[in-house]
Amino acid sequence: MPDTKRFPDGFYIGGATSDWQFEGGFGEGGRGLLSVDFATDGNQECPRQVTWVDKDGNRGKSHWEDPLPEGATLTMFDDEYYPSHRAVDFYHHWKEDVADMAEMGFTTFRFGTCWTRIFPTGLEDEPNQEGLDFYEAVVDELNAHGIAPLITICHDEMPLELVERYNGWAGRETIGCYLKYCRALFERLGDKVPLWLTFNEPNAIRGVCMMGIKDQSWPTYWQAIHHIAVASSSAVKLGRELCPGARFSTMFAMSEFYAASPRPADVWARYERRHEQYAIIDAMCGGGYPHNMDKVLRDFGAEIHMEPGDEELLAAYPLDFVSFSYYRSSLISDGDGVHLLGGATNSYCNEKTPWGWAVDPLGLRFCLNELYDRYHKPLFVIENGMGAIDKLEADGSVHDDYRIEYLSKHLSAIRDAICIDHVDCIGYTMWGNIDLVSRSTGEMAKRYGFVYVDMDDKGNGTLRRSRKDSFYWFKKVCESNGADLSV
Ligand code: BG6
């Protein structure tokens, strides 16, 4: 039976994707190379890797978040499979995919623009018009269906050339390249796109693929984070000029953490871990680094070099709303050390996804409340969903009752946070509304979507789209604006 609680009027509801996990179109329309284009497929036992040639010409592979060997250059090989190249080919299926979203009743759709589709190396003076034409066509199609476009400007990606030239976000020069890219997007799409995300999960990205940093270390990471924060505030400043009325955010990874026991040392470890994350959110959303930033950096053995005017910029141009991903919770113990999001994936919850992620809807309500307590800004749950193994039946149906149950519980937690706790949450986008490539493992087998895509882990398949049972369930959720979450 529908219950009386519902989402507020104007609530944004829909789905979320990124460019390189979803779009494909590799080498088409003038798209240049991203560092993530060198990441192979993988699975739970063997995570994805990047392929390279070292300075002596030897071919090799390493974990996609590890440092590259000194002097190594990212290189592709014909006998490897690289999932970002084809992904699930939104590049050629966008009309059909947007029609599915419209039929479900989405009021928003989040997607990433691909940096190298607009600036193929990151260094050009002028943008690639063909890339902008593609995104404008997608934006127009969404608006024609009454679906508000929500664009992630940089979803864990880096033009290859900026890796080689500047060591990715470790180099201050990358900020200027990013702002040129933002300007091109804002000038072409600024009056058609109401919601922008400057970055995706800066508190959860590592390594050469996602940050463009070859020599991963904590001091380099924190310097890169500072450059990202400055780039984000500079983008907000530019956006205020070029896209009046648009709202800006960055998406932060926000799994819930619990102390592994009531022992004060474990509770303190949990507190410290949370504050590592808040340090980054404060810088980008809260007007600057927190009062205890020197302690946070000391724990990581890092320091940040700032230029004159950086702190004033962060203070003057914070993000408008706080958006975050929430999938699971985990436990923190004294002695776990610093590592932002890493660590155990277990929690007090018995229920887990096939990938071992604890299913914990109350943890989402916690996150919403904690973030609202700290920032007093509108919140947006930008990613949430369940990676599972789906079976396509002979008649084209997929019976994903486990996903419906997961989503129902999490949407219910959001509704409670809004209706009972009075948290100002303005939207929800389910991750991977159409099946796409897993970020962490590079698999297709880990499916999230309302729509099944016929493709396997090695890229074989027709790419045909089939509606799962959750498609029809989510349509009911959208149509009732969250009043009916019954399974
Ligand atoms: C989020 C990322 O953290 O998690 C997405 O923004 C990612 O890019 C999602 O796909 C789910 O993780 P995974 O590893 O299951 O794809």
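Residues numbered from 1 in each chain as written. Predicted model: local features only at pLDDT ≥ 70, side-chain atom pairs only at ≥ 80, totals over all residues. Heavy atoms only, no water.

1. A look at the pairing of strand β13 (residues 425-431)
Counting buried positions along β13 yields seven of seven residues, so the element is predominantly enclosed. Where strand β1 (residues 12-16) meets β13, five bridges bridge the pair, whose relative direction is parallel. The residue of β13 that forms the bridge with Gly15 is Met430. The pairing of strand β12 (residues 379-383) with β13 spans three bridges and is parallel. If you follow Phe380 over to β13, its bridge partner there is Gly427. Each parallel crossover has a hand, and for β12 linked through helix α12 (residues 401-419) to β13 it is right-handed. (Buried < 20%, exposed > 50% of the residue type's maximum accessible area, 1.4 Å probe, protein only. Helix = DSSP H or I, 4+ residues; strand = E, 2+ residues; numbered from the N terminus. Pairing = 2+ DSSP bridges. Right-handed = clockwise from strand over helix to strand, strands pointing away.)

2. Overview of the sheet that holds β12
Taken in spatial order, the eight strands of this closed barrel run β1-β5-β6-β7-β8-β10-β12-β13, and their pairing is parallel. Going from strand to strand, the sheet's axes swing by 25° on average, the running direction of each strand aside. Examined bridge by bridge, strand β7 (residues 195-200) and strand β8 (residues 247-253) share four bridges and lie parallel to one another. Note that in β8 the partner of Trp196 across the bridge is Phe248. Helix-sheet contacts for helix α3 (residues 129-144) involve β5 (108-112) and β6 (148-152), and the interaxial angle to β5 is about 170°. (Axes fitted to C-alpha atoms, helices over the stretch in contact; angles between N-to-C directions. Contact = heavy atoms within 4.5 Å.)

3. So, the sheet that holds strand β3 (residues 59-63)
A sheet is described by the order of its strands in space; here three strands give the open sequence β3-β2-β4, paired in antiparallel fashion. Edge positions in the sheet fall to β3 and β4 (73-74), since each has one partner strand and no second. Of the pairings in the sheet, the one linking strand β2 (residues 49-53) to β4 comprises two bridges and is antiparallel in character. Note on β4: the bridge partner recorded for Val53 is Thr73.

4. Some words on the pairing of β3
With five bridges connecting them, β2 and β3 associate as antiparallel partners. Within β3, the position partnered with Val53 by the bridge is Arg59. In sequence, β2 turns back onto β3 through a hairpin of five residues, with Gly57 there showing a positive phi of about 85°.

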